[in-house]
Amino acid sequence: MSAKTQSPVGSEAIELKGWLAAHKYLLLRRTTQLLFLALFLIGPWFGIWWVKGNLAASMTLDILPLADPLMLLQSALAGHWPEQTALVGALIVAVTYALIGGRVYCSWVCPINIVTDASHWLHDRLGLPKGWQPKANTRYFMLTAILIASAMTGTLAFELVNPITMLHRGLVFGLGFAWTFVIGIFLFDVLLARRGWCSHLCPVGAFYGLLGSKALLRVSATDRAACDDCMDCFAVCPEMHVITPALRGRSEDTPIILSRDCTNCGRCIDVCSVSVFQFTHRFDQRPSPGRTSGKSKLAHKATEAA
Ligand code: SF4
Ligand code: SF4
């Protein structure tokens, strides 16, 4: 293992770019996550009803309906055909995430992401092993299961346990049963499975990933030839398998991260000290040379120094 891979994740980016630049997208994400949460909470907490509802279904300023398409799908399968307003709201949400990336919902909107990122931080601080790692496609089985359960029981099956809804309910109604689910997810990720919930099991993340399979907004390893193998992008990425094809590809392969699992969180951009990654669109045709040899720059430096 090189000296660089042993240094704390992101430390070189902080040194070269400054702390703010090395946390830019993380700070922006936390701001949007908390902003969405605040918009939903200022109604019940302070009587300011700019937004009524929650992430499942809402009305903003009495004119903009938004609805979770997965919730509506469960409702339709359960035999309750949604009202026209809810259908329009679901269509707006579906088109938006289909364009900007389905899992943008995960990293920029969903409040559970803050909980699972905190779990991940604690898991790493405690130096715990990865633990149980469900297969990558387990979340699609979960998605299929909740849809079948909705159809068979005539209920919105997942909404009975959905930690996103539970977190919202817990914040509105205070201490109670709803927190059990949120704390359960936190402890599950810390003690049983590193990044277990969001990266392996959550059917909402799976659904939004499918929704954004062909999204326009993409992260690209545009300057991959500059990669010095510090591995910091892999360390911060919640779906690290998405990076390899783009970063390690040959010159004729696309540097664009096309996997539907990428959450467009931008953390790989933050922590890369040599600015390999950037946001772009899926049709970006700029040439992006791969490595000129099997050895990385870091390996070359080590050879020269020897
Ligand atoms: S995977 Fe599920 S819980 Fe995690 S951020 Fe995405 S929607 Fe929220
Ligand atoms: S590849 Fe980058 S933007 Fe995509 S999930 Fe990983 S860290 Fe986030």
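Summary of the structure given here.

1. Let's talk about the pattern of salt bridges
Logical step 1: If you walk through the whole model with that rule in mind, you get 12 salt bridges.
Logical step 2: Between Arg30 and Asp117 there is a salt bridge, with the nearest N and O atoms lying 2.7 Å from each other. Of this pair, Arg30 sits in helix H3 (residues 24–46) while Asp117 sits in helix H7 (residues 112–125); the two residues are 87 residues apart in sequence, bridging distant segments of the chain.
Logical step 3: Its salt-bridge partner being Asp62, residue Lys52 comes within 2.9 Å of it at the nearest N-O pair. In this pair, Lys52 sits in strand E1 (residues 51–53) while Asp62 sits in the loop between strand E2 (57–60) and strand E3 (64–67), placing the two residues 10 residues apart along the sequence.
Logical step 4: Classification of Asp62 as exposed rests on a relative accessible area of 57%.
Logical step 5: Here the salt bridges do not stand alone but share partners, grouping Arg29, Arg30, Asp117 and Arg195 into one network.

2. With respect to the site of ligand 2
Logical step 1: For ligand 2, the full set of nearby residues is Val219, Cys237, Pro238, Val242, Ile243, Ile257, Cys262, Thr263, Asn264, Cys265, Gly266 and Cys268.
Logical step 2: Residues that form the shell around ligand 2 fall into these classes: nine nonpolar, three polar and no charged.

3. Looking at the sheet that holds E1
Logical step 1: The strand order across the open sheet built from three strands is E1-E2-E3, with neighbouring strands paired in antiparallel fashion. Because the sheet does not close on itself, it has two edges, and the strands there are E1 and E3. Sheet twist, expressed as the mean angle between neighbouring strand axes with direction ignored, is 20°.
Logical step 2: Where E2 and E3 come together, four bridges link them in antiparallel fashion. For Met59, the partnering residue across the bridge sits in E3 and is Pro65.

What counts and how
- Residues numbered from 1 in each chain as written.
- Chains lettered and ligands numbered in written order.
- Predicted model: local features only at pLDDT ≥ 70, side-chain atom pairs only at ≥ 80, totals over all residues.
- Heavy atoms only, no water.
- Salt bridge = Lys/Arg side-chain N within 4 Å of Asp/Glu carboxyl O.
- Helix = DSSP H or I, 4+ residues; strand = E, 2+ residues; numbered from the N terminus.
- Buried < 20%, exposed > 50% of the residue type's maximum accessible area, 1.4 Å probe, protein only.
- Near = heavy atom within 4 Å.
- Nonpolar A, V, L, I, M, F, W, Y, C, P; charged D, E, K, R; others polar.
- Pairing = 2+ DSSP bridges.
- Axes fitted to C-alpha atoms, helices over the stretch in contact; angles between N-to-C directions.

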